There are 2 protein chains.
Amino acid sequence: MATDRDSVLEAAVGVLSRRPTAHLDEIARAAGISRATLHRIFPGREALIREVGALSLRKFATALDTAAIDTGDPQAALRRLVDAVVPDAALCAFLAGENQLFDDPEINELWEIQDERVRSLFLRGQQEGVFRIELSAGWLSEAFFDLVAGVGWAVQDGRLAPRDSAYSLAELFLGGALRSPDRS
Amino acid sequence: MATDRDSVLEAAVGVLSRRPTAHLDEIARAAGISRATLHRIFPGREALIREVGALSLRKFATALDTAAIDTGDPQAALRRLVDAVVPDAALCAFLAGENQLFDDPEINELWEIQDERVRSLFLRGQQEGVFRIELSAGWLSEAFFDLVAGVGWAVQDGRLAPRDSAYSLAELFLGGALRSPDRS
DNA sequence: CGCAGATGAGACATCCGTGTCTCATCTGAT
DNA sequence: ATCAGATGAGACACGGATGTCTCATCTGCG
C-alpha cells in the first residue's frame, strides 16, 4: 500500500535528516519494521534515499501550492509559506544535508523547479518594492532555505520549540536581528 | 611539519564540507598527496575528521577574537565577526554538516564555548537595545551559524560571489529581507 | 480449523572503504 | 655520485554495511 511506503519514508526522514549516514537497521527500526520488510518495499538504500528526496520535494511543492506564493502581497505570501513549510522543516533539513541527491537528474530537476518558484517570489517582492534589492533574489532564496533547514534541525534537537519556530523564522528572515531599522 | 598537516586539513575541509562522506582517496587527491601519505600524517579517518573539526573550531575562535565581539556596539561587533568569519565560512559549513563530531567530548566542549561566546554577544546586544528581544539569543546564534554555513556552501558552489558574501550575510541577518521596516 | 499472504529473525555471500604492508621511485643533502 | 628519508603506487586482509536468502511465526479470511 502507498500508505505504508509513505509512513516508512517519513520515519526515514526523521532519522536521515539528523544523520545522513544512518544504517538501514536504524531506519527500519525507526519505521517499526524489520530490515527485511524495508528491503521488500525499497530495492536498496539508494532507492530509499531517492524516494525520501522525492517525497520531501513533493511536500515542499505542496507547501508552495498551499501558500499560494504567486498571489497577493509578497510579505504575506512569504509568511504563508513559512507557516506551510515549517511543519515539514525536517524534510528541508534532510534535503540540505543530503548533497549526494544532486546526482539524480530527476530529483535535481524537481529541486530546480521549486527553487525557481521561491526565487520568483523574491523577485516579485523586489519589483513591488517589498523586499530589498541590494540582496539578490538567489541569495534570499538560498538563505531562506538555509534557515528553514536550521529550524528543522533545531526543532528536532529540542533547541527550538515547535511552537516558536514559524514566528522565529519569519521574524528573523523578514525583519532581521536589529531592533531598530538602522542600516548604516 | 605542521604546515603540511594544516594544508592537508584545509584541503580536507574543501571536500568534506561539500560531501561529509567523501572517501579518503578523494581527500588525499584534493590535498595533492597519496592515500599512503595521508595515512602517515593521520592515523585514520576518525582522527582526520577530529583534526579538521578542531582546526575549524580553532579558526572560528580566532575569528571571534579578532572581531573582539565583547567590545563596543554589538551591531558593529557582529559586522566585524561577519568579516572575520566569512573567509572561513567553509569551515562552518563543515561543522554544520558533520554531526558525528558531536560524539567527541573534547570537540563538543570547544564548540560549546564558541557558541556561548556568540550567544553572549546577542544577549548583550539585546540588553543594550540593539538586537530584538522577541527572538531568543539562542535562536539568533543558531540562525547566524546556519547562514554562515549557507554562505560557505553557496560560495563553494559558485552560487554566491566571495566578494558579496560578507555584505549579503550581514545585511540579511541584521536587516532582514524586508525593504521597509514594517513588522506587522 | 486450515490456508494464503505478510512479516520478523537470522544466516550467508558480497561489496566497498579502510588500515597495513611492501617496494619502486623521487628528492635533497653530503 | 651516494645515501637517507619521504612519497606514490599497488597489493592484501579486515570489518562493516548491504543485498539476498530461508524459515518460523503471525495475521486475516474463508
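Refer to the structure above for everything that follows.
Described below are features of the structure shown in this document. (Residues numbered from 1 in each chain as written. Chains lettered and ligands numbered in written order. Predicted model: local features only at pLDDT ≥ 70, side-chain atom pairs only at ≥ 80, totals over all residues. Heavy atoms only, no water.)

The subject of this paragraph is the relation of the copies chain B and chain A. Copy one and copy two of the chain differ by a rotation about an axis and a translation along that axis. Taken as rigid bodies, chain B and chain A are interconverted by a rotation of 179 degrees and an axial shift of 0.1 Å, the fit giving an RMSD of 0.2 Å. As the rotation angle and translation indicate, the two copies are arranged about a two-fold axis. Within chain B, G176 of chain B has its C-alpha nearest the rotation axis, a separation of 1.8 Å. Mapped onto chain A, 100% of the interface residues of chain B again fall at the interface, so both copies present the same surface. (Least-squares fit on C-alpha atoms with pLDDT ≥ 70 in both. Contact = heavy atoms within 4.5 Å.)

Here we come to the nonpolar core. One finds F173 of chain A together with F173 of chain B to be the most contacted residues of the largest nonpolar core, which totals 132 residues. Apart from the residues lying within four places of it in its own chain, the contact partners of F173 of chain B are L172, G176 and A177 of chain A together with L78, F122, L140, A143, F144 and L147 of chain B. (Core = buried A, V, L, I, M, F, W, Y, C linked by side-chain atoms within 4.5 Å. Buried < 20%, exposed > 50% of the residue type's maximum accessible area, 1.4 Å probe, protein only.)

Next up on the list: the interface of chain B and chain A. Where interface size is quoted, it is often the accessible area lost as the parts come together. With 40 residues of chain B at the contact, the number on the chain A side is 41 residues. Both sides together, the interface formed by chain B and chain A hides about 4100 Å², and carbon and sulfur atoms give 56% of it. Counting the surface chain B buries against chain A, the share from its top three residues, W139, L178 and R179 of chain B, is 17%. At the boundary of chain B with chain A, the tally comes to 4 salt bridges. Summed over the shared surface of chain B and chain A, the number is 18 residue pairs in polar contact (both at pLDDT 80 or more). Looking at the side of chain B that touches chain A, the elements that each hand over two or more residues are α5 (74–85), α8 (137–156) and α9 (162–175) of chain B. The dominant element in the side of chain B that touches chain A, judged by the number of residues it contributes, is α8 of chain B, at 9 residues. For the side of chain B that touches chain A, the residue count by class is 19 nonpolar, 10 polar and 11 charged. (Buried area = accessible area lost by both parts, 1.4 Å probe. Salt bridge = Lys/Arg side-chain N within 4 Å of Asp/Glu carboxyl O. Polar contact = N/O pair within 3.5 Å; in protein donor to acceptor, adjacent residues only side chain to side chain. Helix = DSSP H or I, 4+ residues; strand = E, 2+ residues; numbered from the N terminus. Nonpolar A, V, L, I, M, F, W, Y, C, P; charged D, E, K, R; others polar.)

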